[in-house]
Amino acid sequence: MEIFLDLNEIKIKEYLQNHPEFLDNYVLSHVEPDHIQTWLERKKNDKNRDLCAVSIPKSCMHSESHQMIQDLSLTLQHQPTKYDVLVELGNCISSAINADGFTLFLADEGDDSLYIYMGQNARGEAILTLAKTNEVEVPLYVARQRKAIRLSRNNGDYSNYFKKKPKIGHILCQSIQQPDGKLIAVIEFFKHESGYAFQDEDEDIAYSYIIWGGIALHYAILCMNMNKNKKLNDFLLMVVRSIFQDMVSMELLVPKIMNYAQRLVDADRASLFLVDSKQQELYATVFDVGNDEQQEGKSSPDIRFKMGTGIAGIVAETGKTENIKDAYSDPRFNHEIDKQTGYKTKSILCMPLFNQTSIIGVVQMVNKRNGFFTEEDEKAFEMFAVYCGLAVHHTKLYDKIRKSEQKYKVALEVLSYHSTCAESEVQRLVPQLDNQFPIIDDYHFNSFAYGDDDKVCFAVHMFEDLFGLRRFDRQCLIRFTLTIRKNYRNVPYHNWSHGFSVANTMYTLIKKTSDVFRPIECLALYIAALCHDLDHRGKNNKFMADTESPLAAIYSTSTMEHHHFNQTVAILQNDGHNIFSKLSYQEYKQALSLIKHCILATDLALFFPNKSKLTVLIETEKFTWSSKEHRLMIQGIVMTASDLSASAKPWDVQEKTVKIIFEEFYDQGDAERKAGKTPIPMMDREQPNEQANSQVGFLSGICLPCYKTLYKLIPETKPLLDMVQFNLNKWRKIAANEETL
C-alpha cells in the first residue's frame, strides 16, 4: 500500500524502511515525529490490526470520498429517503475510521429530545424510540453545542455514560446539520474496548464525509418531501372523494373521518368530538375507532364534557394543536379513561377542526404505532383537518336541510289536505255532468253568468269534448279540476273565474281551428290555460322582486309563471289527480314540457320578443307550421291571446272586468305604499281617472298587436280582433270625455 506522509517525511520513511513488517496494513498521515516510534510499537503488539484505528492518507481519503459519493448516489437513486442516506453515510464513515458501529439519533424540531433510530417500517416511516435524557447526555451535548466530541472509557467526565455501554471503549459523536444550520441528527460512532481511541484525523475524516454526505442528504430530503407531498395529496384526494360522498349524516361521516385520520398518522386510536356552542360542551356520537378500518367505533351518544376539560377540551377552547409525547407526564391528561378502559395512552395528537374562524370539532389521535407523533404528522394532519372541517360543516348543514325538508314535507301534507278537494265534492258533481250544457264554444261567452260549481262542470265538459275519455278517467278529471279551483286564491281578478275564462277561450279557439294544433299540443294548451294563474297572489312579478318575496328568490325571472307551473305539477302528483296517468312516458314528458312553455309564455315580458320574431317571419313569408320553433312561438301567442281575452269580450263584460282588474291593481298599490313606495298612477287608488287612459294604452300597445299577429296566422280568431278594436274605440272616447262609464 502506498504511503503519503505530510510531516518529517524523510525521518518517517527511513524508520519504516527499517521496519517493513508495518507496511502491510498501516497507512500514516499527519503523524507527529515524536510519536512515530510509540505508535508503531503499539501496532506491533496489536493482534487484531484490522480493527485498530488507522490514519487515512489524503489520496486514499479522496478515493474513499469518491466511492462514498457513488454509494450515496446509488442509495439516493434506489432508496431516496433521509433515513437511508443517513444510514449509508454512517456505514461509509464507520468504514473510513474503522469504527465497530454507530448509533443514529434523530432530532425533533419541536423540542430538545432525541430519538433513537430503530429502522423503518413497511410504509417507509422511521421507527423511533424516545431517548431518555440520562442515557444520552453525550449526544444531547453534541446536539445543543453542535460540536464533535471524542471520549474513551477511562475519561472521567463521562464515566457514567460508559457504564451503560459495557462493551464500548471509545466513541466519536458528531452532529449532522443542513446548510441553514438546522439539526437533522446526531451520529455516535463507537469502538470496542479492544480498539484504539478515535484520533483528531478520525474526527476530520468524519466531518469531511458529513459535508459530502450533506449534499446527498439535502436532495434526499427534497425527494422525500416531494414523495410525501405526492402521497399526501393522493391520500387527501381519496379522502375528499370518499367523505364528500357520505355527507348525508354525521353517523356515516364521523367513523370515516376517524379511520382516515388513523391511516394518515398511523395512530392506534382515534376520537372525534363535536362542539355544542350553545352548551359550551364537546360531545361524541362515535367516541373511539380502533386500528381496524372496518370497525364502526363505539357509539356513545352520552359522552359530553365541558370545554377546557382534558386535552380535547383545551384544544377546543384554545384552537391550538397539542402534540403530547408522554401523556402521563402531562398534568392535563385525564387518567380516569385509561382506568375505565384498561387501555394505556402513551402519546396524543389533538387538533381542532375549523369552520372559517369557528371551532366546530376536535380530532384526537392516540398512540402512534411506531414511535411518536412528529412535526410532519402535525403538518399532514393540519391539511387533512381542513377538509374534515369542511365535511363536518356541510354535513351539519345537510342535517339542518334534511330536517327542514322533513318539516316541509309535513307542512306540505297538511297543506295538501286543505288544498285538495274532498271526495264528497267529486261525488256531488258527477250527476251534474249529465245535465244539458249551454253553448260555450263562443269567444264572447260570459263566465260571470255562472257559479263556481257550474264552471267546474263546464271545464270538465270542455276537456271531455276535446279529448274524450278513452285515455282519461272522469273521476280523476273531476278531482283534478276541483283541486285546481281550490288552489286559485280569492283575489279580485286572478282567481278561479279568470282561470276558467282563459280555458274557455282556448277551448273555443281549438274547436274552431281543429286542424291547426296536434292532439298533444291541444292537451297542453288547454291544461296550461286552466292552470296558468294557480296560487296567484294578486301582485305582479315586479312587486315580488321589489319586496324580496321568497318566490322571487327561487325564480329570478318569470317569477309567478314558474310558480304557477310548479303548482300544476304538484297537483298532478297528488293521489287520484294525475289525469295523464294513461299516457305513455314520452307523451307525458312532452305534455309537461309544453305546459311549462305555455304557462311561462303568459309573462308579458316574454310576449314582446316572441311577437317581434313572429312578425319578421310573417312579413318575410318564412313562417312554416312544420317548424317546431315556429309552432312554439304561435303557441305562446295563443296563450297570451287567451289570457287577455277579457279585452275581447262584449263591452258589458269588458267594463265589468276592468273594474275588477283595477281593484286588484289598487290593492297592490296600497301594499306598495305601505312598504314605503309610491305606486304608479294605474295602481294608485287616489287616481281613478287614469283608468280610461291606461286601458287605451294597454289595448293599443299589447292586446291589438297580439290579436293582429294571431289573425294573420289563424284567421278564425278574427272575432277576437274585432271586439278588441271595438273596445279600444270605446275607451278612447271615454278618455276624450266623449262618453262616460
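This structure is a prediction, so every number in the text was calculated from the model and none was measured.

Draft legend 1. Representation of the overall build of the protein. A count of helices and strands for the protein gives 25 helices and 12 strands. Across the 741 residues of the protein, 50% fall into the buried class. In the protein, once contacts between residues fewer than 6 apart in sequence are set aside, the share between residues at least 24 apart is 65%. Surface exposure of the protein reaches about 37,300 Å², of which carbon and sulfur atoms provide 51%.

Draft legend 2. Quick look at the packing of aromatic side chains. In the structure shown here, the tally under the stated rule is 25 aromatic pairs. Ring plane angle 85 degrees and centroid distance 5.0 Å describe the contact between F463 and F472, whose orientation is recorded as edge-to-face. Like F472, F463 is buried. Note on F623 and W625: the rings are 5.2 Å apart at their centroids and 90 degrees apart in plane angle, and the pair reads as edge-to-face. Among the aromatic side chains, those forming a connected cluster through ring pairs are F437, F445, Y450, F458, Y488, W496 and F500.

Draft legend 3. Representation of unusual backbone geometry in the model. Non-glycine residue R146 carries a positive phi angle of around 55 degrees. Mapped onto the fold, R146 is located in the loop between α5 (137-145) and β4 (149-152). Residue classification places R146 among the partly exposed positions, given a relative accessible area of 36%. Positive phi, close to 45 degrees, is recorded for S558, a residue that is not glycine. Among the structural elements, S558 can be located in the loop between α18 (550-554) and α19 (559-573).

Draft legend 4. Geometry of the nonpolar core. Counting 93 residues, the largest nonpolar core has I527, I634 and Y707 as the members making the most contacts within it. Looking at which element gives the most residues to this core, the answer is helix α16 (residues 519-531), with 11 residues. If we skip the residues at most four places from it in the chain, I527 touches F463, F480, I579, F580 and I595. Counting residues in each nonpolar core, the second largest holds 32 residues, with I97, Y115, I210 and F372 among its members.

Draft legend 5. Just the side chain of N610, in detail. Looking at the secondary structure, you find N610 in helix α21 (residues 604-619). Looking at N610, the relative accessible area reads 15%, which means it is buried. Apart from residues lying up to four places away in sequence, N610 is in contact with M633, G636 and I637.

Draft legend 6. Structural context of the layout of surface pockets. The computed volume of the second largest pocket comes to approximately 1,000 Å³. Of all elements in the fold, only α17 (541-546), α19, α21, α22 (628-643), α23 (651-674) and α24 (690-713) reach the threshold of two or more residues within the lining of the second largest pocket. In terms of residue count, α23 provides more of the lining of the second largest pocket than any other element does, nine residues in total. Considered class by class, the residues forming the lining of the second largest pocket number 17 nonpolar, 16 polar and 10 charged.

The rules behind each value
- Residues numbered from 1 in each chain as written.
- Predicted model: local features only at pLDDT ≥ 70, side-chain atom pairs only at ≥ 80, totals over all residues.
- Heavy atoms only, no water.
- Helix = DSSP H or I, 4+ residues; strand = E, 2+ residues; numbered from the N terminus.
- Buried < 20%, exposed > 50% of the residue type's maximum accessible area, 1.4 Å probe, protein only.
- Contact = heavy atoms within 4.5 Å.
- Areas by Shrake-Rupley, 256 points an atom, 1.4 Å probe, with all protein chains shown as cover.
- Phe/Tyr/Trp six-rings, centres within 6.5 Å; stacked < 30°, edge-to-face > 60°.
- Core = buried A, V, L, I, M, F, W, Y, C linked by side-chain atoms within 4.5 Å.
- 1 Å grid on protein atoms, 1.4 Å probe; cavity = no way out; pocket = protein on both sides within 12 Å on 5 of 7 lines; lining within 4 Å.
- Points joined across faces, edges and corners; volume = space filled by probe spheres on them.
- Nonpolar A, V, L, I, M, F, W, Y, C, P; charged D, E, K, R; others polar.

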